[in-house]
Amino acid sequence: MAKKNNGIQDILIVIYLIWSVIAVSGILFLDKQLYFLGLALLIMVIVFSTIVSIVYGSLTSALMASIIYGTVFFSIFKLTTKNIYIPGFMALIFFITAFLGKLVMQKISKTYQKMQTEIQILSNLIQYDADTNLLLWQYVRKKIDDELTRSLRYKKNFSLIMTDTVHRPSGILDDEKEQIIRQGLADLLSRSCRKDIDIPFGGNYYGIILPETDSIGAFLFSKRLMQEASRKIAIDLRIGIVSYPTDAGTTESLIEACEEALQTALTTENSIVRYGDIHKI
């Protein structure tokens, strides 16, 4: 389908170019005295129909060119049956040029919009890790920005959790076993989320964005997540929680607060730490 659309677009462009040559030749042939005016008006029509994005710009430019040419022509030459056809043919050239130019630009515009849509789809696809299907860490801030905007508009809560496995002495796990643990954690996060609502992510940190979830809800979710991790994949998790708007109000402050809560969970006996409880700990 894409090749077919590109083929039609190429044909229209070729037709338009051929017509432009014919139009120039016709102007030179019709009126050897005012050909410079005709060519200038033709350029104006081409510009308005292919470059300037004005509603009905092509039709308006063709009408203006026809009026201007007719006014100048009949101010110089008398109106006779012999020369009346010249402004008529000029007007026809202008309108055909405007029509073809508009047609070509509409086709190019549709192709461009389709290309932009495909680029956006591709961009959305590469935001997710191919192995785990988790949102890549570098795109987490953008998702939090979006959730902040939505939560502010509709006066909703949302929470962010970050998780990590309990620290092990270096050398105990090789790279292959570490990768297995990470894959297991990624699968667990994906399975635990509400479909099309929660946003699991991985990379520098593993965690989940929980829309319309307050601190208590995030805590209960985290408890279930820890139990599932221990029971199904034998992973001992530590989890940090931050909630909007109670704990922080910007993307950066939410991330920093969640990192602090996670580090507190990793360095104390508290497996799950809410940012608001750090001072108590």
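The structure under discussion appears in the preceding block.
What you are looking at is a predicted structure, and each value in this text was computed from that prediction instead of being measured. (Residues numbered from 1 in each chain as written. Predicted model: local features only at pLDDT ≥ 70, side-chain atom pairs only at ≥ 80, totals over all residues. Heavy atoms only, no water.)

In this section: the packing of aromatic side chains. By the definition in use, this model includes eight aromatic pairs. Seen from their ring centres, F73 and F74 are 5.3 Å apart, and the 90° between their planes marks the pair as edge-to-face. The partly exposed category is assigned to F74, whose relative accessible area is 32%. Grouping aromatic residues by their ring pairs yields a cluster made of Y69, F73, F74 and F77. The cationic tip of R274 hangs over the ring face of F219; the distance from NZ or CZ to the ring centre is 5.2 Å. (Phe/Tyr/Trp six-rings, centres within 6.5 Å; stacked < 30°, edge-to-face > 60°. Buried < 20%, exposed > 50% of the residue type's maximum accessible area, 1.4 Å probe, protein only. Lys NZ or Arg CZ within 6 Å of the ring centre and 35° of its normal.)

What follows deals with helix α2 (residues 35–50). With 16 residues, α2 ought to run about 22 Å at 1.5 Å a step, and its terminal C-alpha atoms sit 22 Å apart, in line with that. L37, G38, L41, L42, M44, V45, S49 and T50 are the residues of α2 that are buried. (Helix = DSSP H or I, 4+ residues; strand = E, 2+ residues; numbered from the N terminus. Expected span 1.5 Å × (residues − 1).)

Bringing the sheet that holds strand β4 (residues 206–211) into the picture now. In spatial order, the strands read β1-β3-β4-β2-β5-β6; together these six strands make up an open sheet with mixed pairing. The open sheet terminates on both sides in strands that have one partner only, identified here as β1 (135–136) and β6 (272–274). When β1 meets strand β3 (residues 199–202), the two strands line up parallel, connected through two bridges. Directly across from L135, in β3, lies its bridge partner F201. Sitting on the sheet, helix α5 (residues 140–154) touches β1, β2 (158–165), β3, β4 and β5 (237–244), and the angle it makes with β4 is about 20°. Its contacts with the sheet place helix α8 (residues 251–267) against β2, β5 and β6, and it is angled at close to 150° to β5. (Pairing = 2+ DSSP bridges. Contact = heavy atoms within 4.5 Å. Axes fitted to C-alpha atoms, helices over the stretch in contact; angles between N-to-C directions.)

Under the criterion given, the structure shown has 10 salt bridges. We note a salt bridge from K232 to E228, for which the minimum N-O separation is 2.9 Å. Residue K232 and its partner E228 are located together in helix α7 (residues 215–232), separated by four residues, close to a single helical turn. Between D236 and R238 there is a salt bridge; the shortest N-O distance is 3.0 Å. The exposure class assigned to D236 is partly exposed, which follows from its relative accessible area of 39%. One salt-bridge network, held together by shared partners, links E147, R150 and E212. (Salt bridge = Lys/Arg side-chain N within 4 Å of Asp/Glu carboxyl O.)

Among the secondary structure elements, T264 is positioned in helix α8. Discounting chain neighbours no more than four positions away, the residues touching T264 are V273, I278 and I281.

What follows deals with the pairing of β3. Burial along β3 is two-sided: I199 and F201 and P200 and G202, pointing in opposite directions, are all buried. Pairing of β3 with β4 involves three bridges; the strand directions are antiparallel. In the sheet register, F201 faces β4, and the bridge partner there is G207. The turn joining β3 and β4, which pair antiparallel and follow one another in sequence, is formed by three residues; a positive phi near 130° is taken by G203.

Let us look at unusual backbone geometry. With an omega of 5°, the peptide bond between Y244 and P245 qualifies as cis. For P245, the location among the structural elements is in the loop between β5 and α8. With a phi angle near 65°, D196 is a residue other than glycine that sits in the positive phi range. Summarising the element assignment, D196 is placed in the loop between α6 (175–192) and β3. Residue D196 is classed as exposed on the basis of its relative accessible area of 75%. Located in the positive-phi region is A234, a residue other than glycine, with phi close to 55°. Position of A234 relative to the elements: it lies in the loop between α7 and β5.

Between its terminal C-alpha atoms α5 stretches 21 Å, which fits the 21 Å expected from 15 residues at 1.5 Å a residue. Among the residues making up α5, those that are buried are V140, I144, E147, L148 and S151. Mapping the buried residues of α5 onto a view down its axis gives an arc of 110°, with all of them on the same face. Check the buried side of α5 and you find it contacts β1, β2, β3, β4, β5 and α8. Positive backbone phi, at 55°, marks K155, one or two positions downstream of α5. (Arc of directions from axis to C-beta.)

Coordinates in, geometry out; function isn't part of it.
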